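Structure at a glance
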Amino acid sequence: MNDGAATAKSVDIALGDIADLQDVVDRDALREICRSFFDLFNLSVRIYGGSGKLLASVSEPVELYQYLQELESGGKLVGDIVDAVKRLVPTGNEVERHETITGAVYDVVPITYQGRGVGRFVIGPFVPAELEQVPKALVRLDRSVDRMKLRDLLMKMPRVREETAERITDHLRSVIDLLLFSSHRAHLTSEMHVASVRESYRELAEKTAKLQSAYDRLKELDQLKSNFLATVSHELRTPLTSIIGYSEMLEANIAGELNDEQREFIGTIHQKGNQLLGLISSLLDLSKLEQGVMRLAPQPVDAGGLIEDLERTFAPHAHKKGIDLVVEVRGELPALNADPLRLKQILANLAENAIKFTPEGGTVRMVAEATEWEDEGGDFGAVLMGSTREAVAFRISDTGIGMPSAELERIFDAFYQVDGSSTREHGGTGLGLSIVKRLVDAHGGAVTVDSKPGQGTTFTVTIPEAES
Ligand SMILES: Nc1ncnc2c1ncn2[C@@H]1O[C@H](COP(=O)(O)OP(=O)(O)O)[C@@H](O)[C@H]1O
Ligand SMILES: [Mg+2]
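Cut-offs applied
- Residues numbered from 1 in each chain as written.
- Chains lettered and ligands numbered in written order.
- Predicted model: local features only at pLDDT ≥ 70, side-chain atom pairs only at ≥ 80, totals over all residues.
- Heavy atoms only, no water.
- Helix = DSSP H or I, 4+ residues; strand = E, 2+ residues; numbered from the N terminus.
- Rg over C-alpha atoms; globule rule 2.2 N^0.38 Å.
- Buried < 20%, exposed > 50% of the residue type's maximum accessible area, 1.4 Å probe, protein only.
- Contact = heavy atoms within 4.5 Å.
- Near = heavy atom within 4 Å.
- Polar contact = N/O pair within 3.5 Å; in protein donor to acceptor, adjacent residues only side chain to side chain.
- Areas by Shrake-Rupley, 256 points an atom, 1.4 Å probe, with all protein chains shown as cover.
- Nonpolar A, V, L, I, M, F, W, Y, C, P; charged D, E, K, R; others polar.
- Axes fitted to C-alpha atoms, helices over the stretch in contact; angles between N-to-C directions.
- Left-handed = near helix turned anticlockwise from the far one by under 90°.
- Patch = residues over 30% accessible without salt bridge, like charges linked within 9 Å, V, L, I, M, F, W, Y side chains within 5 Å.
- Salt bridge = Lys/Arg side-chain N within 4 Å of Asp/Glu carboxyl O.
- Core = buried A, V, L, I, M, F, W, Y, C linked by side-chain atoms within 4.5 Å.
- Domains from an automatic or database assignment.
- Buried area = accessible area lost by both parts, 1.4 Å probe.
- Pairing = 2+ DSSP bridges.

A few words on the overall build of the protein chain. When its secondary structure is counted, the protein chain shows twelve helices and 13 strands. For a compact globule of 468 residues, the expected C-alpha radius of gyration is about 23 Å, and the protein chain comes in at 48 Å, more than 25% above that figure. Dimensions of the protein chain, computed from the C-alpha atoms along their principal axes, are close to 150 × 45 × 40 Å. Residues classed as buried in the protein chain amount to 37% of the 468 residues present. Within the protein chain, counting contacts between residues at least 6 apart in sequence, those at least 24 apart form 67% of the total.

Not every one of the 20 residues close to ligand 1 is listed here, only the nearest: Asn 353, Gln 417, Thr 429, Gly 430 and Leu 433. One of the side-chain N or O atoms of Lys 356 is found 2.9 Å from an oxygen atom in ligand 1. At a separation of 2.7 Å, an oxygen atom of ligand 1 approaches a polar backbone atom of Gly 430. If ligand 1 stood free it would expose 530 Å²; the protein chains cover 96% of that surface. Listed by contribution, the elements that provide at least two residues to the shell around ligand 1 are helix H11 (340-356), helix H12 (432-442) and strand S13 (456-464). Broken down by element, the shell around ligand 1 gets its largest block of residues, three residues, from H11. Considered class by class, the residues forming the shell around ligand 1 number ten nonpolar, eight polar and two charged.

Here we take up the packing of H11 against H12. Between H11 and H12, whose axes approach to 9 Å, the crossing angle comes to 145°. Classified by chirality, the crossing of H12 by H11 is left-handed. Taken together, the residues of H12 that come into contact with H11 (itself represented by Arg 342, Gln 345, Ile 346, Asn 349, Leu 350 and Asn 353) are Gly 432, Leu 433, Ile 435, Val 436, Leu 439 and Val 440. Residues of the contact of H11 with H12, tallied by class, amount to seven nonpolar, four polar and one charged.

What follows is about a nonpolar patch on the surface. Taken together, Leu 218, Leu 221 and Leu 224 make up a surface patch of nonpolar side chains, about 290 Å² in accessible area. Within the element layout of this structure, Leu 218 appears in helix H8 (residues 162-251). The exposure class of Leu 218 is exposed, given its relative accessible area of 57%.

Counting residues in hydrophobic clusters, the biggest one holds 47 residues, and the most contacted among them are Leu 343, Ile 346, Phe 394, Ile 411 and Phe 459. Sort the elements by how many residues they give to this core and H11 lands first, with eight residues. Residue assignment places this core across two domains, with domain 2 (211-290) and domain 3 (299-464) each supplying three or more. Sequence-distant contacts of Ile 346, defined by excluding residues within four places in its chain, comprise Val 436, Leu 439, Val 440, His 443 and Val 461. Judged by nonpolar contacts, the second largest core, of 30 residues, contains Val 24, Leu 30, Ile 33 and Phe 126.

What follows deals with the domain arrangement of the protein chain. Taken domain by domain, the protein chain consists of domain 1 (19-160), domain 2 (211-290) and domain 3 (299-464). Distance between the C-alpha centres of domain 2 and domain 3: 25 Å. At the junction of the two partners, domain 2 supplies eight residues and domain 3 supplies ten residues. Approximately 770 Å² of surface area, both sides summed, lies buried where domain 2 meets domain 3, with 75% of it carried by carbon and sulfur atoms. Where domain 2 packs against domain 3, one counts two salt bridges. Between Arg 438 and Glu 290 there is a salt bridge, with its nearest N and O atoms 3.8 Å apart. Linking domain 2 with domain 3 are two residue pairs in polar contact (both at pLDDT 80 or more). If you tally residues by element for the side of domain 2 that touches domain 3, the top one is helix H9 (residues 260-290), at seven residues. The residue makeup of the side of domain 2 that touches domain 3, split by class, is five nonpolar, one polar and two charged.

All right, on to the sheet that holds strand S10 (residues 363-374) then. Strand order in the open sheet formed by five strands is S8-S10-S11-S13-S12, and the pairing between neighbours is mixed. At either end of the open sheet lies a strand with only one pairing partner, and these are strand S8 (324-330) and strand S12 (446-452). Strand after strand, the sheet turns through a mean of 20° between neighbouring axes, direction not considered. The sheet contact formed by S8 and S10 spans seven bridges and is parallel. Bridged to Val 329 within S10 is Ala 368. Against the sheet, H11 contacts S10, strand S11 (388-398) and S13, and its axis sits at roughly 30° relative to S11.

The next point concerns the environment of Ile 123. Mapped onto the elements, Ile 123 comes out in strand S5 (residues 116-128). Sequence-wise, Ile 123 and Ser 59 are 64 residues apart; in three dimensions their C-alpha atoms are separated by 9.7 Å.

Printed below as a string of structure tokens:
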């Protein structure tokens, strides 16, 4: 509501005021009233709005007027009568009677609503029943006038007795009042409806704007966080490589023989240094993935070989924990076009979790098998439109602690851990799965999870063959 006129109007409406009949009443409805009034009483009727505008009218040509217009001085006379009636605006609430030189009269009736004049209606011309004679002034009007004809035509006009005229105007008044009242009510209701819709819309727009700015702010913070992580990780890595490098040299006795205790200490420094390097690499990977600057180096990959390679990496770890590690390659696998290092990183993260979250005596199973990849049918959304490609499904399942289904949606968020407490049993940062998810996406694949608390978890990574 920016323009002043609309505001002013809605203020009026809010106060329940009407300035003009035509603001609320349908013109067709007024015309209908005039028509039935004319049919009932054979009287001409016109309805004007508060501004003087003619809103509805039903009338018959007046033969007397037609005759007068043929006379030399009659034309002006008729025009004057019509003008005078048009100009007559009642000031109070009373009916004003306009008498004319012809003896015929008009009744001008104010239309008021809630104490305010909103228009008027005019009934006539009609002849009061008491009139017997052609008025002298009319006879004297013109020398060529035909007295008998004048009388005939005057008597042909509708004749109405005084009390009948009153009843008729009262009747028409109450019909118009009723129409005004119901129209006004409907009008108010619709205005109120529009106003409330407008108000809700405004509130909604306000909330949306607030949300948008909060969202922008969060995005900005997120960006800051990513930049911070990237810088810090990068700066940490350089000194860390020195620490790892020197501890390796010490272990290799380059600075002289070490005794057993020194060897043990240096071993711990080396091991923890590597662990820290792993964490820093994860952070760097994540920030690269988040900023979309991670470059993949795709090449033909033998999925079966990859998973057997993983077995060699994880077997000692699993064995130490008393976990049975089973690796299976089922049937012929299609050749994948993928980044082998990243693909290995994906599977290693999942294998590491599986072993971590499975207690002694459990089993971790890694399976690779051929499957079909269904491309979505783009905007048409229909599976019918989609095509299928060959793909490899990697399934890493364990018989470990599992997760409640409510958690499954969130575990792919960065830093999210089902047990986020400081007293948790298992180490980690909560970065692994978020990197997995992003790397799988970057390969155009999909990762899903299926888990039951106390029974185990299965992650499935599906990587499609390159699009032909
Ligand atoms: N195989 C699994 N069994 C049970 N819970 C798992 C498993 N894999 C992941 N989770 C849950 O998902 C969380 C996020 O995993 P991840 O991103 O790899 O972080 P991290 O291993 O550093 O805790 C884990 O902390 C754990 O709560
Ligand atoms: Mg992990």
